[in-house]
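Listed below, chain by chain, are the residues.
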There are 4 protein chains.
Amino acid sequence: MIIKLKSDINASEHQHLAGKINALGYKPTYVNTQFGKYLVCIGKKEIDLRNLGFESGVEDIFRVDDAFKLVSSQWKTAKTEIDLGGGIKIGNGHFQVMVGPCSIEGEAQIESTIKHMAENGVKIMRGGVFKPRSSPYSFRGYGIDSLKMWHEHASKAGIKIITEVMQVSQIDEMLPYVDIFQVGARNSQNFNLLDELGKVDKPVMLKRGISGTIEELLQSAEYIFSNGNEKILLCERGIRSYETAYRNTMDINAIAILKDKSHLPVVADPSHGIGVRKYVDKIALASVAAGADAVIMEVHECPEKAFSDGQQTLDHQESAILIDKMKNLRALLQ
Amino acid sequence: MIIKLKSDINASEHQHLAGKINALGYKPTYVNTQFGKYLVCIGKKEIDLRNLGFESGVEDIFRVDDAFKLVSSQWKTAKTEIDLGGGIKIGNGHFQVMVGPCSIEGEAQIESTIKHMAENGVKIMRGGVFKPRSSPYSFRGYGIDSLKMWHEHASKAGIKIITEVMQVSQIDEMLPYVDIFQVGARNSQNFNLLDELGKVDKPVMLKRGISGTIEELLQSAEYIFSNGNEKILLCERGIRSYETAYRNTMDINAIAILKDKSHLPVVADPSHGIGVRKYVDKIALASVAAGADAVIMEVHECPEKAFSDGQQTLDHQESAILIDKMKNLRALLQ
Amino acid sequence: MIIKLKSDINASEHQHLAGKINALGYKPTYVNTQFGKYLVCIGKKEIDLRNLGFESGVEDIFRVDDAFKLVSSQWKTAKTEIDLGGGIKIGNGHFQVMVGPCSIEGEAQIESTIKHMAENGVKIMRGGVFKPRSSPYSFRGYGIDSLKMWHEHASKAGIKIITEVMQVSQIDEMLPYVDIFQVGARNSQNFNLLDELGKVDKPVMLKRGISGTIEELLQSAEYIFSNGNEKILLCERGIRSYETAYRNTMDINAIAILKDKSHLPVVADPSHGIGVRKYVDKIALASVAAGADAVIMEVHECPEKAFSDGQQTLDHQESAILIDKMKNLRALLQ
Amino acid sequence: MIIKLKSDINASEHQHLAGKINALGYKPTYVNTQFGKYLVCIGKKEIDLRNLGFESGVEDIFRVDDAFKLVSSQWKTAKTEIDLGGGIKIGNGHFQVMVGPCSIEGEAQIESTIKHMAENGVKIMRGGVFKPRSSPYSFRGYGIDSLKMWHEHASKAGIKIITEVMQVSQIDEMLPYVDIFQVGARNSQNFNLLDELGKVDKPVMLKRGISGTIEELLQSAEYIFSNGNEKILLCERGIRSYETAYRNTMDINAIAILKDKSHLPVVADPSHGIGVRKYVDKIALASVAAGADAVIMEVHECPEKAFSDGQQTLDHQESAILIDKMKNLRALLQ
């Protein structure tokens with residue numbers, strides 16, 4: 001059960017309400033975000049909501065059967081819209097493409113990517129400065145300095161930045177230079193990191209775990225929301241299966257289900273999703289057909305020379321053709 | 001290596017050629033289909049194809065690296081087109097929708113389905129008369145008599161029939177009444193059944209195994225082709241994964257890959273693929289976006305009253321809307 | 001619900017009983033095996049069993065909640081014992097090892113294996129004469145003649161034979177030469193084959209499907225039992241997962257669960273289960289520790305020279321050491 | 001390639017060596033642990049190790065083909081022994097059982113557990129004070145104060161403590177009270193946490209990810225080792241599969257493989273591994289048979305009253321019987 005509180009609820013109203021909820025055998029959690037105040041009430045008994053509806057301080061009450069609560073579409077039927085500023089929005093009818101390299105490599109690469117974006121009307125750039133790597137001996141990205149340099153170029157061009165944050169200690173230093181924090185698949189249940197990102201007023205794109213369930217992804221989003229941050233994007237990036245013909249099993253099904261079960265926007269990552277360059281376009285189009293609000297993909301001037309993962313990276317020409325197709329498809333479906 | 005033989009190759013040319021191939025350390029398998037004669041040559045050594053190219057009886061020679069051979073796109077770059085007669089074709093640019101119930105239940109149901117098909121320009125009807133069931137105590141379909149009755153109605157309406165064959169002993173009795181034999185997921189590696197369907201001159205739609213790999217599906221198709229039947233459709237119907245939010249993980253990735261690796265048409269089965277009625281439309285559209293040549297889906301006048309599996313069955317209105325969307329999408333993509 | 005019928009139940013008693021069950025809203029299936037007569041009654045209502053218990057012709061009545069019925073331990077608490085003759089038994093406290101090559105190759109190989117078996121007290125020999133192969137161009141076994149020859153050698157030595165049957169048409173010709181029919185993983189839901197093996201009075205070892213669930217395995221066993229054959233062995237042979245460090249994920253968990261849920265004996269196949277020679281011993285021992293009634297393993301005088309799959313095959317020395325360890329472990333656990 | 005350095009290597013020797021390695025096209029990483037100094041050298045060229053062997057400061061050189069290096073058995077053939085003090089050791093022939101509740105609940109529970117341990121010769125107690133939970137609204141453990149209280153009781157009784165650390169900020173406060181830090185499955189690739197645990201001189205038990213590969217587990221262990229901590233235990237706790245008859249698929253295969261590929265001790269967690277109380281004993285025994293150096297299991301005086309997860313928790317009687325069986329099995333196998 002979610003109780004939407006009035007913005008001007010006062011302490012005594014709050015205390016009274018919490019007491020009543022406790023008395024009903026429910027455990028209330030108070031949530032205060034950029035956009036609203038809520039009490040998330042967890043319990044097992046069937047209770048009559050009507051009585052609580054008349055309490056002062058209460059704006060509205062919603063029954064939510066899902067295991068996840070605030071991120072559920074059961075209480076918030078309107079779709080969430082993420083506004084990045086400069087007229088760049090995702091969700092609730094707004095579609096965006098995000099492109100860029102696996103790793104930020106240097107100024108020339110950034111400028112070349114920005115030029116490609118400008119030519120194709122793309123407003124959000126992806127790139128890694130902190131890279132999660134299975135092996136401790138692998139390249140881990142150029143770090144905070146490369147982010148600052150990237151931000152300088154991007155902000156001049158009106159381009160927004162999405163990049164991965166890997167640990168709590170990076171949040172503060174990254175904050176001024178990032179427009180969307182990305183949480184990677186391996187950190188999808190790093191609850192500590194999620195808690196802290198819930199205290200920041202910047203959008204967070206949360207990737208599904210390597211073998212995460214749809215419900216686990218939504219519960220991880222609930223961590224962020226319940227800590228105070230409603231600006232969340234859910235990202236399908238492929239799951240692990242027995243099939244070896246591709247790198248991951250992009251789970252297009254999850255896109256359809258996430259769009260139904262949650263009000264949050266859904267981003268598709270076909271690059272990691274299938275992980276094979278020549279099939280990225282098909283999977284990107286399928287993701288849009290299934291309802292994705294955004295597509296994030298690895299693009300590099302010369303994929304063969306890119307740091308790691310060039311196998312799933314499109315060149316500028318492939319990217320341009322695909323962006324055009326996605327836009328046409330998106331127009332048809334609306 | 002595949003050697004395409006001349007249609008008028010004679011016995012002595014054949015013998016000479018086989019001898020030469022054996023001498024090169026390769027094992028030749030002679031394949032004689034509706035459309036051509038081939039020698040599939042399996043071996044490990046690198047050999048110089050040019051010498052064999054000049055042998056009499058040889059039309060052309062192709063190197064095929066894939067584990068599967070005749071179904072590979074490496075030798076046959078033109079897409080295979082399945083012609084069902086009456087101008088109804090699948091593959092090579094021709095797109096078809098197949099609709100119908102899980103099980104054939106009776107004349108009223110058939111007529112109602114045919115009426116729905118006529119209104120929406122659908123030419124191929126699906127339905128089960130032999131049903132594979134996990135439990136021996138479950139309903140196993142109304143059998144051959146219901147197929148005959150169905151055929152009577154369908155042929156009058158110019159409708160083609162696709163239905164599942166479960167065992168070798170059913171092939172002959174079904175043959176006159178079936179336009180496409182369907183092989184179910186559980187029989188995807190029933191090599192005996194595949195061998196026998198390779199001896200029939202009717203199209204066969206082969207479903208991917210419940211946890212079958214893409215390569216296994218193509219190898220199973222190779223069984224049919226190498227026994228003499230080139231009329232094969234490959235069907236993606238979802239794989240088994242850890243996720244429980246849906247019934248199967250429809251593997252849209254496989255559609256893109258099958259279209260690339262093979263010349264055979266690819267059919268998508270979103271009904272079994274995701275197995276949840278309200279998401280079938282999104283998955284159908286995603287399948288078309290990924291390149292499917294046909295979509296097969298469960299449709300019933302009243303899904304709630306359908307034999308088993310009503311949970312993934314569309315009603316006529318949902319079906320009509322989806323068919324329209326798929327056709328528009330298909331038009332856009334071409 | 002399972003009704004155990006008296007062996008001398010007569011037609012009118014039977015008819016009366018079936019009528020009463022139908023009247024209760026249950027669907028009865030009459031099962032007549034080597035060992036008993038049963039009515040398996042499928043329905044959804046809660047009914048009072050006591051009334052039926054007093055009907056003439058009824059020996060006993062059992063409620064069975066499981067989806068599978070006759071193979072469930074809910075009605076038959078005593079463990080099933082498979083008696084192969086010559087004092088060779090499996091299940092209900094009797095433990096057996098089965099060894100032999102992937103494929104029967106010739107007399108020398110058979111004799112060498114029998115010698116190894118004699119030296120180690122092993123009484124059941126495995127080997128393939130019909131081999132299921134992903135590719136139609138692979139070696140498919142030496143067929144029925146090699147089985148006859150093998151049987152000649154084995155019967156002289158008091159050795160029992162287990163070998164795979166792949167299709168219905170092979171059952172009759174194999175029958176005189178086989179002591180246990182093996183159904184392979186790919187045929188685990190070939191219901192036609194299961195139906196026919198239910199009509200034979202020879203033990204059947206049923207392998208779990210490549211990604212079969214434990215319940216599906218038991219349901220497949222139910223096909224055999226309900227057709228009249230109670231002599232069934234369940235075999236765990238590894239499932240398909242994302243892990244690539246081994247060939248299959250031997251699911252030791254399934255052994256413990258099958259032993260609990262069913263009265264049928266459980267056989268472990270560590271050779272295919274993990275599929276890596278140097279780990280077969282550990283997995284065999286773990287299987288015995290988890291309660292397996294038998295272990296079947298690939299053994300060859302010279303694994304390097306064996307037809308296909310030598311990678312998971314033990315040589316005679318490795319086999320001897322492992323057999324000894326398994327026997328000691330088995331003794332300890334009892 | 002791993003170069004074991006002499007303990008008294010000086011700066012100029014070090015610099016000279018690193019230069020030489022760089023010149024050979026390899027990237028050296030200097031590792032300084034409690035027990036030794038190493039250079040891990042990553043590169044692709046085939047090089048002649050002999051030249052480097054004569055450099056001053058070099059003790060020995062090892063070629064390591066595995067993707068993981070310091071945790072590989074390719075260079076360190078002797079098994080690692082974890083010494084917890086008080087004569088309590090794990091690995092290299094030493095076997096330990098670890099028991100205790102899911103969550104530390106209070107003094108009575110701790111005392112009851114310690115009494116059970118004393119009666120059965122168990123020296124290591126498990127229990128959670130920080131609990132990772134899918135939902136932010138679930139109980140997250142009693143925190144650091146309960147750890148301090150637990151430590152007081154345990155140290156008096158000569159009992160060692162293993163408990164989960166979930167985030168970097170907890171390491172320091174937990175350090176004085178913990179004998180083994182546990183890293184949970186969800187943090188298996190939380191590289192930040194692994195880096196920091198590599199800087200501590202306390203044993204770390206690292207759980208395999210929920211769908212982690214064996215190689216990923218070993219690479220995560222490499223993070224800890226390469227940061228300076230050689231005291232690592234690897235833990236198999238079940239993987240995610242399609243099967244729903246149990247909670248996880250305990251991967252006994254992984255135990256055999258980890259024991260072979262690494263010199264680190266391997267711990268089996270049958271409680272989470274299969275997740276069903278009545279099968280925990282079979283899976284524990286199978287784990288020991290496969291070579292586990294330790295078994296960790298959930299035990300509670302009254303599982304029905306335990307915080308969360310009581311479904312996989314043994315009571316004291318079940319635990320006592322199982323401990324006895326494991327010890328006998330262990331004795332037999334050695």
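The structure we're discussing is the one just above.
How each quantity is defined
Residues numbered from 1 in each chain as written. Chains lettered and ligands numbered in written order. Predicted model: local features only at pLDDT ≥ 70, side-chain atom pairs only at ≥ 80, totals over all residues. Heavy atoms only, no water. Phe/Tyr/Trp six-rings, centres within 6.5 Å; stacked < 30°, edge-to-face > 60°. Helix = DSSP H or I, 4+ residues; strand = E, 2+ residues; numbered from the N terminus. Buried < 20%, exposed > 50% of the residue type's maximum accessible area, 1.4 Å probe, protein only. Least-squares fit on C-alpha atoms with pLDDT ≥ 70 in both. Contact = heavy atoms within 4.5 Å. Buried area = accessible area lost by both parts, 1.4 Å probe. Salt bridge = Lys/Arg side-chain N within 4 Å of Asp/Glu carboxyl O. Polar contact = N/O pair within 3.5 Å; in protein donor to acceptor, adjacent residues only side chain to side chain. Axes fitted to C-alpha atoms, helices over the stretch in contact; angles between N-to-C directions. Parallel < 35°, antiparallel > 145°, perpendicular 65-115°, else oblique. Left-handed = near helix turned anticlockwise from the far one by under 90°. Pairing = 2+ DSSP bridges. Right-handed = clockwise from strand over helix to strand, strands pointing away. Expected span 1.5 Å × (residues − 1).

**Notes on the packing of aromatic side chains**
Then step 1. Applying the stated criterion to the full structure yields 20 aromatic pairs over all chains.
Then step 2. Ring geometry for Tyr-38 of chain C and Trp-75 of chain C: centres 5.5 Å apart, planes at 75°, overall edge-to-face. Residue Tyr-38 of chain C is located in strand E3 (residues 37-42), and its partner Trp-75 of chain C is located in the loop between strand E4 (58-62) and strand E5 (82-83); the two are separated by 37 residues in the primary sequence.
Then step 3. Residue class for Trp-75 of chain C comes out buried when judged on its relative accessible area of 9%.
Then step 4. An aromatic cluster is present here, built from Tyr-38, Phe-62, Trp-75 and Phe-225 of chain A joined pairwise through their rings.

**Examining the relation of the copies chain C and chain D**
Then step 1. Overlaying chain C with chain D gives an RMSD of 0.0 Å, the required rotation being 180° about an axis along which the chain moves by 0.0 Å. As the rotation angle and translation indicate, the two copies are arranged about a two-fold axis. Scanning chain C for the C-alpha nearest the rotation axis identifies Ala-286 of chain C, at a separation of 2.0 Å.
Then step 2. Of the residues that chain C buries at the interface, 100% are likewise interface residues in chain D, meaning the two copies contact each other through the same surface.

**A look at the interface of chain C and chain D**
The extent of an interface is frequently quoted as the accessible surface area lost upon association of the parts.
Then step 1. Each partner contributes to the interface: chain C provides 36 residues, whereas chain D provides 37 residues.
Then step 2. Interface of chain C and chain D: buried area, both sides summed, is about 2,800 Å²; carbon and sulfur atoms make up 66% of it.
Then step 3. Taken as a group, Tyr-242, Asn-253 and Tyr-279 of chain C account for 22% of the area that chain C buries against chain D, more than any other trio of residues on that side.
Then step 4. The tally of links from chain C across to chain D stands at four salt bridges.
Then step 5. The residue Glu-243 of chain D makes a salt bridge to Arg-208 of chain C at a minimum N-O spacing of 2.8 Å.
Then step 6. On the surface where chain C and chain D come into contact, there are 16 residue pairs in polar contact (both at pLDDT 80 or more).

**Focus on the relation of the copies chain B and chain A**
Then step 1. Overlaying chain B with chain A gives an RMSD of 0.0 Å, the required rotation being 180° about an axis along which the chain moves by 0.0 Å.
Then step 2. With an isologous cut-off of 70% or more, the 97% of interface residues of chain B that recur at the interface of chain A puts this contact in the isologous class.

**Thoughts on the packing of helix H3 (residues 107-120) of chain D against helix H11 (residues 316-333) of chain D**
All names here are of chain D.
Then step 1. In the contact formed by H3 and H11, the axes pass within 10 Å of each other and the chain directions differ by 30°. Overall, the two elements H3 and H11 adopt an arrangement that is roughly parallel. In the crossing of H3 with H11, the sense of the turn from one axis to the other is right-handed. Contact with H3, carried on its side by Ser-112, Thr-113, His-116 and Asn-120, involves His-316, Ser-319, Ala-320, Ile-323 and Lys-327 of H11 and no other residues of that element.

**Some words on the pairing of strand E9 (residues 160-164) of chain A**
Residue and element names in this part refer to chain A.
Then step 1. Buried residues dominate E9, accounting for five of its five residues.
Then step 2. Burial along E9 is two-sided: the residues Lys-160, Ile-162 and Glu-164 and Ile-161 and Thr-163 are all buried.
Then step 3. As judged from the three bridges shared by strand E8 (residues 124-126) and E9, these two strands associate in the parallel manner. Bridged to Ile-124 within E9 is Lys-160.
Then step 4. Two elements, E9 and strand E10 (residues 180-183), share three bridges in a ladder whose sense is parallel. Bridge pairing in E10 places Ile-162 opposite Ile-180.
Then step 5. What joins E9 to E10 is helix H5 (residues 168-174), and the crossover it makes is right-handed.

**Examining the sheet that holds strand E4 (residues 58-62) of chain D**
All names here are of chain D.
Then step 1. Strand order in the open sheet formed by four strands is E2-E3-E1-E4, with antiparallel pairing between adjacent strands. With partners counted over all chains shown, the strands left at the sheet margins are strand E2 (27-32) and E4, one partner each. Averaged over neighbouring strand pairs, the angle between their axes works out to 20° when direction is ignored.
Then step 2. As paired strands, E2 and strand E3 (residues 37-42) are joined by six bridges and run antiparallel to one another. Looking at E3, one finds that Pro-28 is bridged to Cys-41.
Then step 3. Contacting strand E1 (2-5), E2, E3 and E4, helix H1 (residues 11-23) crosses the sheet at an angle of about 145° to E2.

**Some remarks on the pairing of strand E14 (residues 294-298) of chain B**
Taken residue by residue, a regular strand's side chains alternate between the two faces of the sheet.
Residues and elements named next belong to chain B.
Then step 1. Taken across its five residues, E14 has five buried, putting it largely inside the fold.
Then step 2. On E14, burial covers both faces: Ala-294, Ile-296 and Glu-298 on one face and Val-295 and Met-297 on the other are all buried.
Then step 3. Note: strand E7 (residues 96-100) against E14, five bridges, orientation parallel. Paired with Gln-96 across the bridge in E14 is Ala-294.
Then step 4. Note: strand E13 (residues 266-268) against E14, two bridges, orientation parallel. Across the sheet, the residue bridging to Ala-268 is Val-295, located in E14.

**Considerations on helix H4 (residues 143-156) of chain D**
Residues and elements named next belong to chain D.
Then step 1. For H4, with 14 residues, the first-to-last C-alpha span of 21 Å sits near the 20 Å given by 1.5 Å per residue.
Then step 2. Buried residues along H4 sit against H3, strand E8 (124-126), strand E9 (160-164) and helix H5 (168-174).
Then step 3. At the C-terminal side of H4, Gly-158 shows a positive phi close to 70°.

**Section: the sheet that holds strand E7 (residues 96-100) of chain C**
Across a sheet, paired strands are connected by hydrogen bonds in the backbone, their directions being either parallel or antiparallel.
All names here are of chain C.
Then step 1. Around the barrel, eight strands lie side by side as E7-E8-E9-E10-E11-E12-E13-E14; this closed barrel has parallel pairing. This sheet shows a mean twist of 25° between the axes of neighbouring strands, independent of strand direction.
Then step 2. Sheet strands touched by helix H4 (residues 143-156): strand E8 (124-126) and strand E9 (160-164). Its angle to E9, the strand with the most contacts, is close to 160°.

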